[in-house]
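Below are the chains, spelled out letter by letter.
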Amino acid sequence: MNPLARILARDLARAFRGGGATLPLLFFLLVATLFPFAIGPDATLLAATGGGALWMAALLAALLPVDRLLAPDQDAGVLDQFATRGISEEAVATAKLIAHWLSFGPPLMIAALPASALLKLDGATLVRLELGLAIGTPGLAALALMTSALTLGLRSAGALAGLVMLPLAVPILIFGAGALSAEDNGGLKLLAAASLLLVALTPFAAGAALRAARE
Amino acid sequence: MMAAGGDARLAFDGVACLRGHRLLFEGLSFALGPGDAALITGPNGTGKSSLLRMAAGLLAPAAGAIHREGTIALADERHALDPLKPLGEALGFWAGVDGQGRDAVAAGLDAVGLGAIAEVPVRMLSTGQARRAGLARLIAGRAHIWLLDEPGNGLDAASLDRLAATMAAHRAQGGIILAASHQPLGLDDAQPIRFRA
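Residues numbered from 1 in each chain as written. Chains lettered and ligands numbered in written order. Predicted model: local features only at pLDDT ≥ 70, side-chain atom pairs only at ≥ 80, totals over all residues. Heavy atoms only, no water.

### Some points on the sheet that holds strand E2 (residues 22–32) of chain B
In sheet architecture, strand pairing relies on hydrogen bonds along the backbone and comes in two forms, parallel and antiparallel. All names here are of chain B. Strand order in the open sheet made by the three strands is E2-E1-E4, with antiparallel pairing throughout. A single partner strand is all that each edge strand has here, and the edge strands are E2 and strand E4 (63–69). Within the sheet, the average angular offset between the axes of one strand and its neighbour, ignoring direction, is 20 degrees. Bridge count between strand E1 (residues 9–19) and E4: six bridges; the pairing is antiparallel. When the bridges of E4 are listed, Arg9 appears paired with Glu69. (Pairing = 2+ DSSP bridges. Helix = DSSP H or I, 4+ residues; strand = E, 2+ residues; numbered from the N terminus. Axes fitted to C-alpha atoms, helices over the stretch in contact; angles between N-to-C directions.)

Here it is in structure tokens:
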């Protein structure tokens, strides 16, 4: 097994055992549960607004694990040990990105099933929501990792992370929620473009940030 | 125990260290070949750890060049082991990254006298045991060049003796040791690198 596969396997095990993977999931379901209380039980109104609310919940759920993606490894000297072995920061960021998406994206897509029932979404909307989440969550995971790297070592990293990350997530939110409407065809493609850009950019941006954090 | 360390080399050539607009040292040159050791001494904040981080490739020198041949392992105050995992498993991760097997982990644990507590989670270790766990990680990696930052901190007399024996064995096999320490490590014949305040 090469070092990257080992880093990936380690991070996945940590996410599922350390509880890092369940927290965003519970948050997502909690929002879906609370939303009808705020809007009221009107099924048509819920169905019309629920999809957008779930995208909002997914975005905020992506923000939750930001302070745990890299900071514990930085504090424990794990990142320094990787660098000492000549494993590039970009490679570490790539492995961490894949591991983070696996512990975040698919569980969120599963949680979207009960959540859509709570919000009275019809079948066709649910299919478009799931498609959108499948395409959009890699972008959200990439954004979370990039933010985590950029705020590494700062004192109020958690608060700053929200300010850095949420504006950058605007394209994902617009195209993801836009793709929910029945007559929309281009939304998913634009969502895929935004997501792809973030995924492609993150290893390099996060890698550079990790190097800078070491100085 | 170790891959042939016959060609290992670590050399600093006129290296300067700049930290936060402050020049810690400059014009530092030394060369270490197979079986050589160097001991860095000096007051706090004079650049001992920075020198080790430069040797590990974690910091870029402000001037000069650093030549390395052979694999490098760094042991500082952070053991880099997963706190929730049993000690043996946590060491196994790094041994895997270093291309070593379970026998290397067992050898590392034995060398620091922690063989009996391989099943104990890392977070339960005492300060001294955690330091020794970090050294076990370094030993299990079977790298050619060992960089040790205060390896004697928190170790009892028996552990210090074991460390001295392990370092002697590493050098006998052609390994290189660069250590920073405030206390004697049994590296009496090591090349001295002294920093002044």
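### Examining the packing of aromatic side chains
Summed over all chains, the structure comprises five aromatic pairs over all chains. Summarising the aromatic geometry, the rings of Phe82 of chain A and Trp94 of chain B are spaced 5.1 Å apart at their centres and angled 45 degrees between planes, so their arrangement reads as tilted. Remark: Trp94 of chain B occurs in helix H2 (residues 87–97) and Phe82 of chain A occurs in helix H6 (residues 78–84); the pair is interchain, linking two chains. Residue class for Phe82 of chain A comes out buried when judged on its relative accessible area of 1%. Centre to centre, the rings of Phe93 of chain B and Trp94 of chain B are 5.0 Å apart; their planes meet at 70 degrees, and the pair counts as edge-to-face. Under the relative-accessibility criterion, Trp94 of chain B is labelled buried at 2%. Taken together, the aromatic side chains of Phe82 of chain A together with Phe93 and Trp94 of chain B make up a single cluster linked through ring pairs. Above the ring of Phe93 of chain B, the side-chain terminus of Arg10 of chain A is found at 5.4 Å from the ring centroid. (Phe/Tyr/Trp six-rings, centres within 6.5 Å; stacked < 30°, edge-to-face > 60°. Buried < 20%, exposed > 50% of the residue type's maximum accessible area, 1.4 Å probe, protein only. Lys NZ or Arg CZ within 6 Å of the ring centre and 35° of its normal.)

### Concerning unusual backbone geometry
It is generally the case that most residues other than glycine have a negative phi and that most peptide bonds are trans. Residues and elements named next belong to chain B. In this structure, His21 is a non-glycine residue whose phi angle is positive, near 65 degrees. In this model, Arg142 sits at a positive phi of 50 degrees, which is unusual for a non-glycine residue. One can find Arg142 in the loop between helix H4 (127–140) and strand E6 (145–149).

### Structural notes on the interface of chain A and chain B
With 21 residues of chain A at the interface, the matching set in chain B holds 21 residues. On the chain A side of the contact with chain B, Gln81, Thr84 and Arg85 of chain A bury the most area, a combined 31% of that side's loss. At the boundary of chain A and chain B, one finds five salt bridges. Measuring nitrogen to oxygen at the nearest pair gives 2.5 Å for the salt bridge that ties Arg78 of chain B to Asp80 of chain A. Our count for the chain A to chain B interface comes out at eleven residue pairs in polar contact (both at pLDDT 80 or more). Going through the elements one at a time, helix H1 (3–17), helix H5 (71–75) and H6 of chain A are the ones with two or more residues in the side of chain A that touches chain B. When grouped by side-chain class, the residues that make up the side of chain A that touches chain B number seven nonpolar, five polar and nine charged. (Contact = heavy atoms within 4.5 Å. Buried area = accessible area lost by both parts, 1.4 Å probe. Salt bridge = Lys/Arg side-chain N within 4 Å of Asp/Glu carboxyl O. Polar contact = N/O pair within 3.5 Å; in protein donor to acceptor, adjacent residues only side chain to side chain. Nonpolar A, V, L, I, M, F, W, Y, C, P; charged D, E, K, R; others polar.)

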